[in-house]
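Structure at a glance
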Amino acid sequence: MSKGLAVGIDLGTTTSLASVGMPDGQPRLLRDTQGHGIIPSVVSILPDGRILVGQRAKERLVLDPENTFFSTKRFIGRDMRREENSWAAAAYPFRIHAGENGVPTIRAHGRDYTLTDVGGMILAYLKKVAEQATGLPVPQAVITVPANFNDVQRTTTRQAGERAGFEVLRVVNEPTAAALAYGLERSGENERIAVYDFGGGTFDMTILELRGQVYEVLATAGNTLLGGDDFDKRIFDRMAKAFQAQTGLHPRENGEFHQRMFLAAERIKCQLSDWLVAGFTERGVEIAGRRVDFQFEMSREQFNEACGDLVDMSFDVCDEALRLADCTLTSIDQIILVGGTTRVPLLRERVTKYFLRPPLDKLQPDTVVSLGAAIQAFSLVGGPTMWPVPAQVAAGIRAETPTPALGVPAAVPETSLPVEEPAREGPLQAVPLQAPAPPRGTRDLRMTLEPPRGLGLPAPHPGSPAGGARMPLPPSLSVGSMPALQAEAMQSILSGRAAAPRPAPVLIDVTPMTLGIQTVGGNVEAIIRRNSQVPVEKSRLFATTSDDQTTVLIRVCQGEGKKVDENVVLGEMTLEDLPHGPRGSVSVKVTFELDTDGIFSATAVDINTGRAQRIRLTLFGG
Ligand code: AMP
């Protein structure tokens, strides 16, 4: 019997989700006991150090705004010593400051936490949700990141997973995960797809070519400063203006009201995706020693007017991605929408106009990434056999059914984060995949995944039921005693609906940004160019610039600018003990490597002596 399951996790700016692959080849969204599968990426830290995550934390946004943290993914891997980052942080009701090496750090009740800690708290909570829903240990995960996350951000995400007690099998790009979920649906022909991913904090456009089980990213482009939060801000600004016009006061003079207004702005945005008018009313607001009433209303038309330019900004990125992929609009076969912001009707309209065809509406933009990550996790740990078969049942299944060994590590560290359990209300139960009811007035976007093509039934063997007949469980094992998902998995295995092994998807991804190093005069010399396929290894030769130079400082930059200041400096490394000699006579070969997760490492060799230098990269902001 295996030691547990591997899940796919979409760790989002606003919401996070976990899904699991089932033996029938279909992934399922995992839900807590109250049926919530879309978990707010909100963490609230209590005075006694206990940590609330998800809906219970979200409820504290107004009660305890200083110790309740949301949208922190926006700051992952950002060097908080940089002015633009500290400015952006000033707009949030909680404190986010620069720790060592500029690492973004939050403070709650006098204690500092890094964003790796915060990500770890969310992931630890999702791990508990997954364990409750499946009734099994969940030691492994595939975690997704935006395609344009840099090395520091990817490393931070991986470390957050480890802090939560996971063995992180892979860090996968969100659009690639979305393509994998779409892959269950497709006809098998070669296709070019565009993944238009408009989330809470970032916008990415990725073009992939799908050939059989090969998912190759042709190009990716993004804007890390464009997201659904910007729409909220536009609405909030109008609300604040209206408040000022009605009362002569700025809402920030009452911190709690200010926060409620901010939340209302997001709510209005979401409601306007379904309704033509939405609003916010509050009576008796105590502010600056007065009691005032406030009423605000916005129509969809006004919303479109306020936010149309934000939608249009996304198409500059689409133009760039098409150019990088060397594609024309007419060569794109399908458009997949990802991210909550793609529910905005204006955005759907303009996407249809831009791509000259409507986007696919069978996949839910909220869940598609986590479902795709679950497909990847499932294939990495051995497919249908990921679900452990109890010994009594296994004894009844003929030995011909191969059960590959599971790659579960001997000891997976349990998280030490004091994250509160998801509420256990009533008996423990998992709800099978069921999309939330579509909002009124919208089309039903529920996922209707067909069984994946190429999946067959395991060969029937004598004495075992063939072709879908159900094998009864031994009397000592009752399905009723198992969580619903486990029972469903078991029935699927026993009835022969388990997916036969099929080739694991091959993901060919690219690096979203150029990696280089600083040279004389603040210039940047590229080593690994943007859109290079990963994994990749590239080397360049560099020479000393002064006589008897025995040390060189290498600053690693990521971005497209020719000057260091126009790029993000990922970190620095020092090469020591070089031989003495006139300037230019000592050459160093610097090798950059990106692994399949897009995570960076570097080596350097003094080519005169052939001696390899140990390089330690100090990551800024990570
Ligand atoms: P994601 O990063 O994919 O979780 O997307 C989160 C963003 O989607 C947030 O800015 C949400 O406010 C936004 N969002 C979620 N639902 C809707 C909706 N119905 N209409 C408009 N925006 C939405």
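Residues numbered from 1 in each chain as written. Predicted model: local features only at pLDDT ≥ 70, side-chain atom pairs only at ≥ 80, totals over all residues. Heavy atoms only, no water.

Lining the immediate surroundings of the ligand are 15 residues, of which T15, G200, E266, K269 and S273 lie closest. At 2.6 Å, a side-chain N or O of S273 approaches a nitrogen atom of the ligand. The contact in question runs from an oxygen atom of the ligand to an N or O atom on the backbone of G340, over 3.1 Å. Here the ligand has 500 Å² of accessible area as a free molecule, and 84% of this is covered by the chains. At the level of elements, α7 (228–247) and α8 (255–271) are the ones that each hand at least two residues to the shell around the ligand. Ranked by residue count, the leading element in the shell around the ligand is α8, at 3 residues. Of the residues that constitute the shell around the ligand, the class distribution is 2 nonpolar, 9 polar and 4 charged. (Near = heavy atom within 4 Å. Polar contact = N/O pair within 3.5 Å; in protein donor to acceptor, adjacent residues only side chain to side chain. Areas by Shrake-Rupley, 256 points an atom, 1.4 Å probe, with all protein chains shown as cover. Helix = DSSP H or I, 4+ residues; strand = E, 2+ residues; numbered from the N terminus. Nonpolar A, V, L, I, M, F, W, Y, C, P; charged D, E, K, R; others polar.)

In this structure, the amide linkage connecting V534 to the following residue, P535, adopts the cis form with an omega of 0°. If you trace the backbone, P535 turns up in the loop between β22 (533–534) and β23 (536–543). Of note, N531 is a non-glycine position whose phi angle comes to about 70°, a positive value. By the secondary structure assignment, N531 is in the loop between β21 (523–528) and β22.

A few words on the packing of α7 against helix α9 (residues 300–325). Between α7 and α9, whose axes approach to 10 Å, the crossing angle comes to 140°. When the axis of α7 is compared with that of α9, the two are oblique. Viewed along their axes, α7 and α9 form a crossing whose handedness is right-handed. Residues D230, F231, R234, I235 and R238 of α7 form the contact with α9, whose own contacting residues are Q302, F303, E305, A306, C307, D309, L310 and V311. Each residue belonging to the contact of α7 with α9 can be placed in one class, and the counts come to 7 nonpolar, 1 polar and 5 charged. (Axes fitted to C-alpha atoms, helices over the stretch in contact; angles between N-to-C directions. Parallel < 35°, antiparallel > 145°, perpendicular 65-115°, else oblique. Left-handed = near helix turned anticlockwise from the far one by under 90°. Contact = heavy atoms within 4.5 Å.)

Take helix α13 (residues 484–494) next. Of all 11 residues that make up α13, 9 are buried, and the element is covered over most of its length. The set of residues buried in α13 consists of L485, Q486, A487, A489, M490, Q491, S492, I493 and L494. Phi for G496, located one or two positions after α13, is positive at around 80°. (Buried < 20%, exposed > 50% of the residue type's maximum accessible area, 1.4 Å probe, protein only.)

In this section: the sheet that holds strand β14 (residues 203–211). Read from one edge of the open sheet, 6 strands run β18-β13-β14-β15-β19-β22, paired in mixed fashion. What marks the edges here is a single partner per strand, and that holds for β18 (334–338) and β22. Taken together, the 8 bridges between strand β13 (residues 191–198) and β14 define a ladder with antiparallel strand orientation. Within β14, the position partnered with R192 by the bridge is E209. Sitting on the sheet, α9 touches β13, β14 and β15 (214–223), and the angle it makes with β15 is about 135°. (Pairing = 2+ DSSP bridges.)

Within this structure, the stated rule accounts for 21 aromatic pairs. Measuring from centroid to centroid gives 4.8 Å for Y196 and F203, while their planes differ by 65°, and the two rings are edge-to-face. By relative accessible area, which is 0% here, F203 ends up buried. On the numbers, 4.9 Å between centres and 80° between planes, the contact of Y354 with F355 is edge-to-face. There is no split in this pair, since Y354 and F355 are both buried. (Phe/Tyr/Trp six-rings, centres within 6.5 Å; stacked < 30°, edge-to-face > 60°.)

Two elements, strand β16 (residues 277–287) and strand β17 (residues 290–299), share 9 bridges in a ladder whose sense is antiparallel. Within the sheet, the bridge partner assigned to E286 lies in β17 and is R291. Hairpin connection from β16 to β17: 2 residues lie between these consecutive antiparallel strands, with A288 at a positive phi of about 45°.

This part takes up empty space enclosed by the protein. In total, this model carries 4 cavities of 30 Å³ or more according to the counting rule given. In this structure, the largest cavity encloses a volume near 130 Å³. The leading source of residues in the lining of the largest cavity is strand β12 (residues 167–173), at 4 residues. Taken as a whole, the second largest cavity encloses approximately 90 Å³ of empty space. Lining the second largest cavity, in full, are L11, G12, T13, S41, T72, K73, I76, L115, V118, G119 and I122. Take the lining of the second largest cavity: its biggest share by element is 4 residues, from helix α4 (residues 115–134). (1 Å grid on protein atoms, 1.4 Å probe; cavity = no way out; pocket = protein on both sides within 12 Å on 5 of 7 lines; lining within 4 Å. Points joined across faces, edges and corners; volume = space filled by probe spheres on them.)

The subject of this paragraph is the pairing of strand β26 (residues 587–594). Buried residues dominate β26, accounting for 6 of its 8 residues. Bridge analysis of β23 against β26 gives 8 bridges, and the strand direction is antiparallel. If you follow A543 over to β26, its bridge partner there is S587. Taken together, the 7 bridges between β26 and strand β27 (residues 600–606) define a ladder with antiparallel strand orientation. The residue bridging L594 from the neighbouring strand is F600, located in β27. If you look at the hairpin formed by β26 and β27, you'll find 5 residues sitting between the two strands, and G598 has a positive phi there, around 80°.

This next bit is on the sheet that holds strand β6 (residues 51–53). Read across the open sheet, the 3 strands follow the order β6-β5-β7; overall the sheet is antiparallel. Looking along the sheet, the strands with just one partner apiece sit at the ends: β6 and β7 (68–69). Relative to β7, strand β5 (residues 43–45) is paired through 2 bridges, and the arrangement is antiparallel. When the bridges of β7 are listed, S44 appears paired with T68.

Moving on, we get to the confidence of the model for the chain. Looking at the chain as a whole, its pLDDT mean stands at 83, while 83% of the residues score no less than 70. Within the model, the stretch residues 398–414 combines pLDDT values under 50 with 27 contacts to residues more than four positions away or in other chains. Low confidence marks residues 473–477, where pLDDT is under 50. Its contacts with residues over four positions away, or in another chain, come to 11 contacts. (pLDDT = per-residue confidence, 0-100.)

Quick look at helix α5 (residues 151–163) now. Helix length check: α5 (13 residues) gives 18 Å between terminal C-alpha atoms against 18 Å at 1.5 Å per residue, within 8%. Burial within α5 is extensive, with 10 of its 13 residues counted as buried. Every buried residue belonging to α5 is among D151, V152, Q153, R154, T155, T156, T157, R158, A160 and G161, and all of these are buried. By the N-cap criterion, in which a side-chain oxygen at the helix start approaches the backbone nitrogen of a residue two or three places on, α5 is capped by N150, the distance to V152 being 3.0 Å. (Expected span 1.5 Å × (residues − 1).)

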